[in-house]
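Residues per chain, in single letters:
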4 protein chains.
Amino acid sequence: MIRDDLRDMPPATPFDDDKLKEECGVFGVIGVTDAANFVALGMHALQHRGQEAGGIVAYDPDTGFNSARHFGYVRDNFTSQRVMETLPGALGIGHVRYSTAGSKGHTAIRDVQPFFGEFAMGGAAIAHNGNITNANALRRELIERGSIFQSSSDSECIIHLMARSLQRNIPERMKDALRRVEGAFSVVAMTRTKLIGVRDARGVRPLVLGKIGDQGYALSSETCALDIIGAEFVREIEPGEMVVISAGKVESFKPFDPKPSRFCIFEQVYFSRPDSILGGRSVYETRRQIGVELAREAPVEADLVCPVPDSGTPAAIGFSHESGIPYGMGIIRNQYMGRTFIEPSEQIRNMGVRLKLNVNRALIRDKRIILVDDSVVRGTTSRKIKDMLLDAGAAEVHFRIASPPTMWPCFYGVDTPDRDKLLAAQMTVDEMRDHLGVDSLKFISLDGLYRAAGVAEGRDAAAPAFCDACFSGEYPVVPSDMIEKGFEMKTAAE
Amino acid sequence: MIRDDLRDMPPATPFDDDKLKEECGVFGVIGVTDAANFVALGMHALQHRGQEAGGIVAYDPDTGFNSARHFGYVRDNFTSQRVMETLPGALGIGHVRYSTAGSKGHTAIRDVQPFFGEFAMGGAAIAHNGNITNANALRRELIERGSIFQSSSDSECIIHLMARSLQRNIPERMKDALRRVEGAFSVVAMTRTKLIGVRDARGVRPLVLGKIGDQGYALSSETCALDIIGAEFVREIEPGEMVVISAGKVESFKPFDPKPSRFCIFEQVYFSRPDSILGGRSVYETRRQIGVELAREAPVEADLVCPVPDSGTPAAIGFSHESGIPYGMGIIRNQYMGRTFIEPSEQIRNMGVRLKLNVNRALIRDKRIILVDDSVVRGTTSRKIKDMLLDAGAAEVHFRIASPPTMWPCFYGVDTPDRDKLLAAQMTVDEMRDHLGVDSLKFISLDGLYRAAGVAEGRDAAAPAFCDACFSGEYPVVPSDMIEKGFEMKTAAE
Amino acid sequence: MIRDDLRDMPPATPFDDDKLKEECGVFGVIGVTDAANFVALGMHALQHRGQEAGGIVAYDPDTGFNSARHFGYVRDNFTSQRVMETLPGALGIGHVRYSTAGSKGHTAIRDVQPFFGEFAMGGAAIAHNGNITNANALRRELIERGSIFQSSSDSECIIHLMARSLQRNIPERMKDALRRVEGAFSVVAMTRTKLIGVRDARGVRPLVLGKIGDQGYALSSETCALDIIGAEFVREIEPGEMVVISAGKVESFKPFDPKPSRFCIFEQVYFSRPDSILGGRSVYETRRQIGVELAREAPVEADLVCPVPDSGTPAAIGFSHESGIPYGMGIIRNQYMGRTFIEPSEQIRNMGVRLKLNVNRALIRDKRIILVDDSVVRGTTSRKIKDMLLDAGAAEVHFRIASPPTMWPCFYGVDTPDRDKLLAAQMTVDEMRDHLGVDSLKFISLDGLYRAAGVAEGRDAAAPAFCDACFSGEYPVVPSDMIEKGFEMKTAAE
Amino acid sequence: MIRDDLRDMPPATPFDDDKLKEECGVFGVIGVTDAANFVALGMHALQHRGQEAGGIVAYDPDTGFNSARHFGYVRDNFTSQRVMETLPGALGIGHVRYSTAGSKGHTAIRDVQPFFGEFAMGGAAIAHNGNITNANALRRELIERGSIFQSSSDSECIIHLMARSLQRNIPERMKDALRRVEGAFSVVAMTRTKLIGVRDARGVRPLVLGKIGDQGYALSSETCALDIIGAEFVREIEPGEMVVISAGKVESFKPFDPKPSRFCIFEQVYFSRPDSILGGRSVYETRRQIGVELAREAPVEADLVCPVPDSGTPAAIGFSHESGIPYGMGIIRNQYMGRTFIEPSEQIRNMGVRLKLNVNRALIRDKRIILVDDSVVRGTTSRKIKDMLLDAGAAEVHFRIASPPTMWPCFYGVDTPDRDKLLAAQMTVDEMRDHLGVDSLKFISLDGLYRAAGVAEGRDAAAPAFCDACFSGEYPVVPSDMIEKGFEMKTAAE
């Protein structure tokens, strides 16, 4: 591939580098006046799924397809009259993309979705959340046959496969294309008259359907984006389902061979917004329930339950409810976070984390603290937070984690460090406790997590209800591209 | 005055327009390598006190005084190598300024502090949090005598008064100048060799002293900015005190006639960060205690205590602790707030508040909610939040407010609406309850607030420990400029 | 096609809207350190051929292909260390593009050349000056077969044709592709190891070869860009020739069926820079000679020969030499031209032209002026200049034009108004004289122009040495796309 | 003084660094609708007098004084509707400022004129072309008395002196202030109702009066800026004259002690635009006449007279007329000049000058060239141009200079190198010839220059008609500040 001028590049935002990162959110509407305004609002509500860049495509019979793609937040790019009036029409889709800047290299504006292709029967735009696990092989094959790729994105394969399909209409071409694709994908696409949504056969990534007034419909990664536009939540798109929405009607298709559902359990733990609804329950409630399970599985005597804000907050509330130990804000989050500051050369340790978090010294002094976080990835932030608490005079620090040890990378649309950077892949829990320097460290069990997520009987090892590959190493879709690059799957022995 | 080209102007940020606004934060350091880096970090930690603009002045023997002033967040302007290396030296001060854009007209970059003046004996820079209540009169007098004002800021008076002082050194000139000034002011200033801090005689606005390593000192509006640079909190600057710091020594002066202390009680309620320490206690703890007092003063049967995030959170925690009613996050805050979106033309009500807040529907459905907020100003946001809760299926909404009714404007450095925009100045509490459409509405009493703030006996009407003019209408400093413009003080009858 | 956000758009530059516009310049180098620096310099020297945008692609074995594309002048985009160091390597090509903003609609950054394609055997980049006259038909055919177009540029066809070629190496694929293409094209292309140049069979657009030091080579639209980088002018690429340069060697191929040469005569009149060399002579000298011929064909008694600066200057000098009438600068050009000013609402006529030109009043007062310009397109500017001269007191104005009447649009890479906007297509010369309000108006004859361009016997109607379709209506290549859109070729009667 | 953040800084433009630089142009209008549009146009026409920055102040009864100040060209900053509508009113003044970036350090936006001051009786804005030679002493005195300077500009003294004047109205205060000021100054100023123009007692810098329609008036540094707005040239402001224009009336005052007129002769040679009128003649004609004189004083046998474009063009035309040797464009200027390019590391000499100029190789080969330039300052560019000519095959190069040797710096508003950088201060003419490597080198005599400028009898040594200090070392105003800094005046011996 060719690399573009770095001037396109967004600033690095390294502050949350000790978290797994959702790589995308998708949103689309049809049947409303000025659809692009709704799309921008939906993307804003999905901004937690991707902060690097965003794009909108809208269609209007007079001016055709129009697009705008920009690095940065939705609020900074898609709010002005001047931009929004270039995106007229009753039909539009949008995409927010996670920042890989700094860690994975280089993103150009042409990598920003939605992608657009013009076919003999008209144009189509497509946006995608997830990851195509056989993208490299597909790309080689398509180039061999004469396709010209314009981006480094795996999603561009879909549009080229569609271009080469022998089908006569775009939904059928999309079915053709998606049947060649392996991996996890929730797709939102549009033609001149149709809004289309698809989830892969296992339903790894989320996608929901909403209704706007009498004639309008929306597709969204999460329900929280339906709320912001005043849309009513209708239902989740089913694993393996394609919906084609046009003229106020929703048609449903099942183009793929049926497979057992394996929804991403990390959406429950961290990715989705707490006010979204998954499986009929608020994500907040599932997380609070994780805290309840954790308090049962790993109780400890202490004076205060503190969350690592904001991701540990619901579980900390649940832990406090179950244990009876008071809940308090021992760590305060700075709302004005941003890019890296220059560090004063001396006198200061742990600068990075202090930019984002500060200890509430007067509250935690001489107290035994139960610190609740959603996960441990590299462990670097956890260590610094513990240091801050001890420096401020905490008597004891007990770490409780709202997910099992993260031991395997995700290949289904989540940015994960390599295995050798995952603390839990390198150490036992006891070694991690010593490494982090805390008085105790406990993770919720996989069964406990399943129970909190509503599977009363815990995890069925033979047919797990969720994709939990990051914890279990059991990958429901073979990550072929990564295996080609040398990734080794879990062996029977592990 | 002359108005500058609007291109300087920051974007309007109208989202929190239903809050009182602190107008400034000040910070200074001496005796460290690359002082400006420390200043930028301190300003970042004080960003909640002012988001419109920020400025830094640093002094270095080789290149003299250097400055940088920019609209926008500290994180966006004072983090690059390129900017920070233009601000060398061991001594620097900084200022963050609240955005008055849209509401009060027009700010030019030359209105952004610190201000600089060159005197016969050398230059000085000065930054100021508060408000000079006789600035108009002083300005007229100075112009009459031949001073040229470059900004519309009241603080520029101080530098002109200093320029005309007959004293031989800058600290003495500053004393001369500040003795002519009425109002509330916490000043941080610098010469080529000295860092200077002053609080007005009543100590309305905060200012604290910190120590950095062996030789360094810092002055800050709040202690949270000492934490971020790893400085040790030494003590508050006293009301009416001037400290002059140089060569590792702190000298203390008392240049003003002594007056009873009247610290701003709204710093306790809302302005200061919860992790700051005021009067030996964390602000978080005072706010939690306000929740406890409120639960005692205004109990109600309910299922869930919810804060309006984030300012109502500590009081909601306290209310839950005292009442035993569970605490939950019924309202979720979007972290990616920004400028105004274009509203879709139909179908959506309450767009503004939805950009910032969403109801956690699954949690609050069919529940009786106690909603805790820090204050009611215009009441516009309160109404919308209540609507969102009822739309989402809440059974009852009981509003509990962590401050007494806000009935009077502040003239001491806080941006307040005119009296006729303050809901509590126009209605009784019962009328407000009906206007807001809630099932019950209770404010904490002034005595309860004083108790929570550590004055066990409540408010002493003859000599109140705090400035509480916004609640009581009792102004400790006569707001002369405003009276000249037609403001009417509270009469005996009120 | 899809339209991108208008934020990409360059500002309109309507000041020269009464000229024909060259649409492009191409440049490439191989065998030098930091080739991109040479390319930027070459593009700067070719800036007169296109001011809207520019792009560079460079190849480096370590980082692969890198590109930068920007709207605006080369001097503003390709001079900083920061940009240029993203374009390492010994091989690079560049392109400058004429602004069609305002007149032809909308250019997106992805329309800016060079275009890049990745093939099974590696990548190639291509830049092109000219126009493909069967681009629409080719595009339809390629889309039908599954190619995805990313730009609205006709040049993108070439890269798709190459992608689908069955040949094993890139030069062969390029031959395959260019054999399918009709029109005028001078192509500069590159692979990882080769610099390639091609001129269409008739050689309508220019392309020259230069040598840099011992090992380096350059390809350029004009020789003036060889001068700026210190390269030696070797020879013109021949019509129908392809050169492939690699490892210090130049290989020559003739992939097309031979056709009679038809170089664009308007390059002699206006497009090329006067310091470039065409057919062994400086363009300046040809233009001076046009003035000499014009003085012979259309003499008139007068006091002063004045050019319309700067395009009429060489011909005016020649006219003065031949006629003996003194040469003088009656019109002065403002060097600081730019975008449109807001016109004061009253009192001023002819603002547009005054921004660019001013009359040297004291010089021309009461004089009979011979005004020499290169061409008349719409005639709007000519009228305003005449007005300015008369307002300033000129006694007589005699207009002498260094080209025949421009009566037909160009379809070979030049931006021309539609026929009904060409003054000479709507009026006889006498009507034009009256319309312009000048005392006399004479154009050079087509034979005179050929003589000045070095064809001593004048134009051979059976086999003209140049493409002069804009004057004669005789199109050497059938403009198929335009005929499809309704353009009517000259009939026998005309 | 304090230095501002470098982000304000304009890009360096080092291309003409071998010229003396006019430091400013001033312009003002009264009595027209939307005066700021006229001011912007006038500034555009005066852009050759200063390219670094520009500022406009306008007054409107509804919104008061408004200003806009920007780095860069007028065309880029003062053409948009959005900016211009912030400058309403019938009265406005403007200023263009020469770039000292790189050479003299650092300009901040607050150094950009016009300056504004608010006095007890209302505001005034002032713009100034020239230099105050006792500015340092005045500044010290004003600071001692308590004035706060905001810029490093000498012009700010005037506004402070006005602020301290005891007079009751602004024109009288301006007289008071200007009587304290020494040096060369042409001032344009405005109050709420008056446009004011002043030239210093010797009239060193130009200033002219124009009439717009029935009621409007304009003041401008040069007449070419009257042409662009369609204003009629009325007369030059006289040395020592102050005009106060209001309500369609022009009042004239003579506030200074009368002195002999000493207009800057370098305005004739280089600074003023050729289409401006000075002393009743076009500057173009004076320069052409310089060429005539030069051909008489320093004839030589040759084949071609070539100007160094564009400043040498009129003199070259005159030289050709007088000598009969043909005039030709041996050097071609690139119109798209800009900031510095990165130089390819090898193979290229004389890059800087090639970016701007190219030799017309085919024309000059084997010819004896008379090269005419306006002046020699450092000589660096002259050398490079000669190299380019010889490289391209010129047989001989004879240099003819349209001014006497520049041996002394100017302290009256022109940016000159120090004496030790002026080639003519370091060498005899013969040494310069050898240093430059040309076949002959001749400067016009001071008498010849005076004759060309219309003083038939040449220079009167006892009472020269012009300021020619840069040639003669005879300074009509003592440069006190510079003498204080160590500058040594010419002694009797020199």
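Within every chain, residues take consecutive numbers counted from 1 along the sequence as written. Chain labels run from A onward and ligand labels from 1 onward, assigned in the order the entries are written. Reporting of local features is limited, given that this is a predicted model, to residues whose pLDDT is at least 70; pairs of side-chain atoms are given and counted only at 80 or more, and all residues count toward the totals for whole chains, interfaces and linings. Heavy atoms throughout the structure, all of them, feed into the side-chain values; hydrogens and water do not.

Visitor: Is there a simple way to explain the overall build of chain A in this structure?
Guide: Helix and strand content of chain A: 18 helices and 26 strands. Throughout, radius of gyration means the C-alpha value; the globule benchmark is 2.2 Å times the number of residues raised to the power 0.38. Taking 494 residues into account, the globule formula puts the C-alpha radius of gyration at 23 Å, and chain A, at 23 Å, falls close to it. Counting only C-alpha atoms, chain A reaches 70 × 50 × 45 Å along its principal axes. Residue burial in chain A is summarised as follows: out of 494 residues, 65% are buried. Only four residue types enter the charge count: Lys and Arg as positive, Asp and Glu as negative, with His and the chain ends excluded. Throughout, a charge is located at the NZ atom of Lys, the CZ atom of Arg, the CG atom of Asp or the CD atom of Glu. Averaging the locations of the 58 positively and 66 negatively charged side chains of chain A gives two centres separated by 1 Å. The helix count covers DSSP runs of H or I at least four residues long, the strand count covers runs of E at least two residues long, and both are numbered beginning at the N terminus. Each residue gets one of three labels from its accessible area relative to the maximum for its type: buried under 20%, exposed over 50%, partly exposed in between, using a 1.4 Å probe on protein chains only.

Visitor: How should the domain arrangement of chain A be read in this particular structure?
Guide: The parts lose accessible area when they come together, and the size of an interface is often stated as this lost area. Residue and element names in this part refer to chain A. Where a domain begins and ends is set by an automatic assignment or by a domain database. Each assigned domain of chain A is listed here: domain 1 (24-261) and domain 2 (282-484). Distance between the C-alpha centres of domain 1 and domain 2: 32 Å. We call two residues in contact whenever any of their non-hydrogen atoms come within 4.5 Å of each other. In this assembly, 19 residues from domain 1 lie in contact with 14 residues from domain 2. Of the roughly 1200 Å² buried where domain 1 meets domain 2, counting both sides, 44% is carbon and sulfur surface. Summed over both partners, buried area is the accessible surface (1.4 Å probe) that two parts give up on being assembled.

Visitor: Where do I start with the interface of chain D and chain C in this structure?
Guide: With 68 residues of chain D at the interface, the matching set in chain C holds 68 residues. In total, chain D and chain C occlude about 5800 Å² of area from one another, counting both sides; carbon and sulfur atoms represent 59% of this. When the buried surface of chain D facing chain C is broken down by residue, Tyr336, Phe341 and Ile342 of chain D rank first, second and third, together holding 14% of it. Salt bridges are identified by distance alone: a Lys or Arg side-chain nitrogen within 4 Å of an Asp or Glu carboxyl oxygen. Joining chain D to chain C, the criterion identifies two salt bridges. Arg361 of chain C serves as the salt-bridge partner of Asp227 of chain D, at 3.0 Å between the closest nitrogen and oxygen. In terms of residue count, helix 1 (residues 35-45) of chain D provides more of the side of chain D that touches chain C than any other element does, six residues in total. When its residues are assigned to classes, the side of chain D that touches chain C shows 32 nonpolar, 22 polar and 14 charged. Here the nonpolar group is Ala, Val, Leu, Ile, Met, Phe, Trp, Tyr, Cys and Pro; Asp, Glu, Lys and Arg are the charged ones; every other residue, Gly included, is treated as polar.

Visitor: Help me understand the sheet that holds strand 7 (residues 115-119) of chain C, please; the structure alone is not making it clear to me.
Guide: The strands that make up a sheet are held in pairs by hydrogen bonds between backbone atoms, and each pair lies either parallel or antiparallel. All names here are of chain C. In this analysis, strands are considered paired if DSSP registers two or more bridges between them. Spatially, 7-8-9-10-14-15 is the arrangement adopted by the six strands of the open sheet, whose pairing is antiparallel. Of all strands in the sheet, those bounded by a partner on one side alone are strand 7 and strand 15 (249-253). Within the sheet, the average angular offset between the axes of one strand and its neighbour, ignoring direction, is 20°. Strand direction decides the pairing type here: strand 10 (residues 195-199) and strand 14 (residues 242-246), joined by four bridges, are antiparallel. Pairing of Gly197 across the sheet is with Val243, part of strand 14. To get an axis, fit a line to the C-alpha atoms, keeping to the stretch in contact for a helix; angles then go from 0 to 180 degrees between the N-to-C directions.

Visitor: Even after reading the chapter, I still don't get the sheet that holds strand 9 (residues 183-190) of chain D, so can you show me in this structure?
Guide: Residue and element names in this part refer to chain D. Within the open sheet, the six strands sit side by side as 7-8-9-10-14-15. Their pairing is antiparallel. Two strands close off the open sheet at either side, each with one partner strand: strand 7 (115-119) and strand 15 (249-253). On average, each strand axis in the sheet is inclined to that of its neighbour by 20°, with strand direction left out of account. Where strand 9 lies against strand 10 (residues 195-199), five bridges are found, and the strand directions are antiparallel. Bridging from a neighbouring strand, Ala189 pairs with Ile196 of strand 10. Running over the sheet, helix 5 (residues 156-164) touches strand 7, strand 8 (122-132) and strand 9 and is turned about 10° from strand 7.

Visitor: Even after reading the chapter, I still don't get the relation of the copies chain C and chain A, so can you show me in this structure?
Guide: Both copies of the chain are related by one operation, a rotation about an axis with a shift along it. The copies were overlaid with a least-squares fit restricted to C-alpha atoms from residues scoring a pLDDT of at least 70 in each copy. Overlay of chain C on chain A (RMSD 0.1 Å): rotation 180°, translation along the axis 0.1 Å. A rotation of that kind, with that shift, is consistent with a two-fold axis. Relative to the rotation axis, the C-alpha of Ser147 of chain C is the closest in chain C, positioned 2.9 Å from it. Mapped onto chain A, 100% of the interface residues of chain C again fall at the interface, so both copies present the same surface.

Visitor: Please explain the interface of chain C and chain A as it appears in this structure.
Guide: Between chain C and chain A, the contact holds 35 residues from the first and 35 residues from the second. Interface area for chain C against chain A, summed over the two sides, is near 3400 Å², with a carbon-plus-sulfur share of 51%. Connecting chain C to chain A are zero salt bridges. N or O atoms within 3.5 Å of each other form a polar contact, as long as, within protein, one can give a hydrogen and the other can take it, and as long as residues adjacent in sequence are counted only when both atoms are side-chain atoms. Along the contact surface separating chain C from chain A lie zero residue pairs in polar contact (both at pLDDT 80 or more). Among the elements of the structure, strand 1 (2-4), strand 5 (64-71), helix 3 (81-84), strand 7, helix 4 (135-144) and helix 5 (156-164) of chain C are those that each provide at least two residues to the side of chain C that touches chain A. Residues belonging to the side of chain C that touches chain A are distributed by class as follows: 14 nonpolar, eleven polar and ten charged.

Visitor: Explanation requested: the state of the cysteines in the structure shown.
Guide: Each disulfide is one covalent bond, formed between the sulfur atoms of two cysteines. By convention in this document, the label disulfide applies to cysteine sulfur atom pairs within 2.5 Å. Going through the model one piece at a time under the given rule, you end up with zero disulfides over all chains. Just so you know, Cys224 of chain C is unpaired, no disulfide at all, and the nearest cysteine sulfur is the one on Cys24 of chain C, 15 Å from it. On the accessibility criterion, Cys224 of chain C (1% relative accessible area) is buried. In this structure Cys157 of chain D is a free cysteine whose sulfur lies 15 Å from that of Cys24 of chain D, the closest cysteine sulfur available.

Visitor: Hey, could you run me through the relation of the copies chain D and chain C in this one?
Guide: Once chain D is rotated about the relating axis by 180° and shifted along it by 0.0 Å, it coincides with chain C to within an RMSD of 0.1 Å. By residue overlap, the copies meet face to face through one surface: 100% of the interface positions of chain D are interface positions in chain C.

Visitor: Whenever I open this one, the pattern of salt bridges confuses me. Can you help?
Guide: Pairing is possible between side chains of opposite charge, provided their charged atoms come close. By the definition in use, this model includes 118 salt bridges over all chains. For Glu484 of chain D, the salt bridge identified is with Arg140 of chain D, shortest N-O distance 3.2 Å. Of the two residues, Glu484 of chain D sits in helix 18 (residues 480-484) while Arg140 of chain D sits in helix 4 (residues 135-144), which places them 344 residues apart along the sequence. With a shortest N-O distance of 3.0 Å, Lys175 of chain D and Glu172 of chain D are connected by a salt bridge. Of the two residues, Lys175 of chain D and Glu172 of chain D are both situated in helix 6 (residues 170-179); the distance of three residues between them amounts to about one turn of the helix. Classification of Lys175 of chain D as buried rests on a relative accessible area of 8%. Bridged by salt links that share partners, the residues Glu293, Arg296, Glu297, Glu322 and Arg451 of chain A form one connected network.

Visitor: Help me understand the confidence of the model for chain A, please; the structure alone is not making it clear to me.
Guide: A low pLDDT score tells you not to read the predicted coordinates there in detail. Residue and element names in this part refer to chain A. Residue-level confidence of the predictor is summarised by pLDDT, bounded by 0 at the bottom and 100 at the top. A residue-level look at chain A finds 93% of positions with pLDDT of 70 or above and a mean pLDDT of 91. Of the regions scoring below 50 in pLDDT, residues 9-15 engages in 18 contacts with residues more than four places distant in sequence or in other chains. Throughout residues 100-105 the model reports pLDDT below 50, and contacts reaching past four residues in sequence, or to other chains, amount to eleven contacts. In the predicted assembly, ipTM is 0.91 and pTM is 0.90.

Visitor: Even after reading the chapter, I still don't get the UniProt feature "active site" (unreviewed entry) in chain A, so can you show me in this structure?
Guide: All names here are of chain A. UniProt positions are given in the numbering used here, feature names are shortened, and annotations may be inferred rather than shown by experiment. If you check UniProt for "active site" (unreviewed entry), the listed places come out as Cys24 in our numbering. Mapped onto the elements of the fold, Cys24 is located in strand 3 (residues 24-30). Given a relative accessible area of 8%, Cys24 falls into the buried group. Cys24 has contacts with Arg49, His95, Val96, His128 and Asn129, leaving out every residue within four places of it along the chain.

Visitor: Which parts of the structure should I look at to understand the pairing of strand 15 (residues 249-253) of chain B?
Guide: The side chains of a regular strand alternate between both faces of the sheet. All names here are of chain B. Pairing between strand 14 (residues 242-246) and strand 15: five bridges, direction antiparallel. Of the residues in strand 15, the one forming a bridge with Met242 is Phe253. Counting the residues between successive antiparallel strands, the hairpin from strand 14 to strand 15 contains two residues, one of them, Ala247, with a positive phi of roughly 50°.

Visitor: Any chance you could explain the packing of aromatic side chains here in plain terms?
Guide: Remark: the centre distance and the inter-plane angle together describe each pair of aromatic rings, the angle taken between the planes. Aromatic rings from Phe, Tyr and Trp, taking only the six-membered ring of Trp, are treated as a pair when their centres fall within 6.5 Å; an angle between ring planes under 30 degrees marks them as stacked, one over 60 as edge-to-face, and anything in between as tilted. The final tally for this structure, using the stated rule, is 60 aromatic pairs over all chains. Considering the side-chain rings of Phe411 of chain C and Tyr475 of chain C, the 5.5 Å spacing of their centres and the 25° angle between planes classify their relative orientation as stacked. Linking Phe411 of chain C in the loop between strand 23 (396-401) and strand 24 (414-415) with Tyr475 of chain C in the loop between helix 17 (469-472) and helix 18 (480-484), this pair joins segments that are 64 residues apart in sequence. Overall, Phe411 of chain C belongs to the buried group, its relative accessible area being 9%. Measuring from centroid to centroid gives 5.8 Å for Tyr475 of chain D and Phe487 of chain D, while their planes differ by 85°, and the two rings are edge-to-face. Highlighted residues: Tyr475 of chain D in the loop between helix 17 (469-472) and helix 18 and Phe487 of chain D in the segment after helix 18, separated in sequence by twelve residues. Ring pairing ties together the aromatic residues Trp408, Phe411, Tyr412, Tyr475 and Phe487 of chain A, which thus form one cluster. Working rule: Lys NZ or Arg CZ, within 6 Å of ring centre, within 35 degrees of ring normal, means a charge sits over the ring. When the ring centre of Trp408 of chain C is taken as reference, the NZ or CZ atom of Arg419 of chain C above it lies at 3.6 Å. Over the ring of Phe119 of chain D we find Arg173 of chain D; its NZ or CZ atom is 5.7 Å from the centre of that ring.

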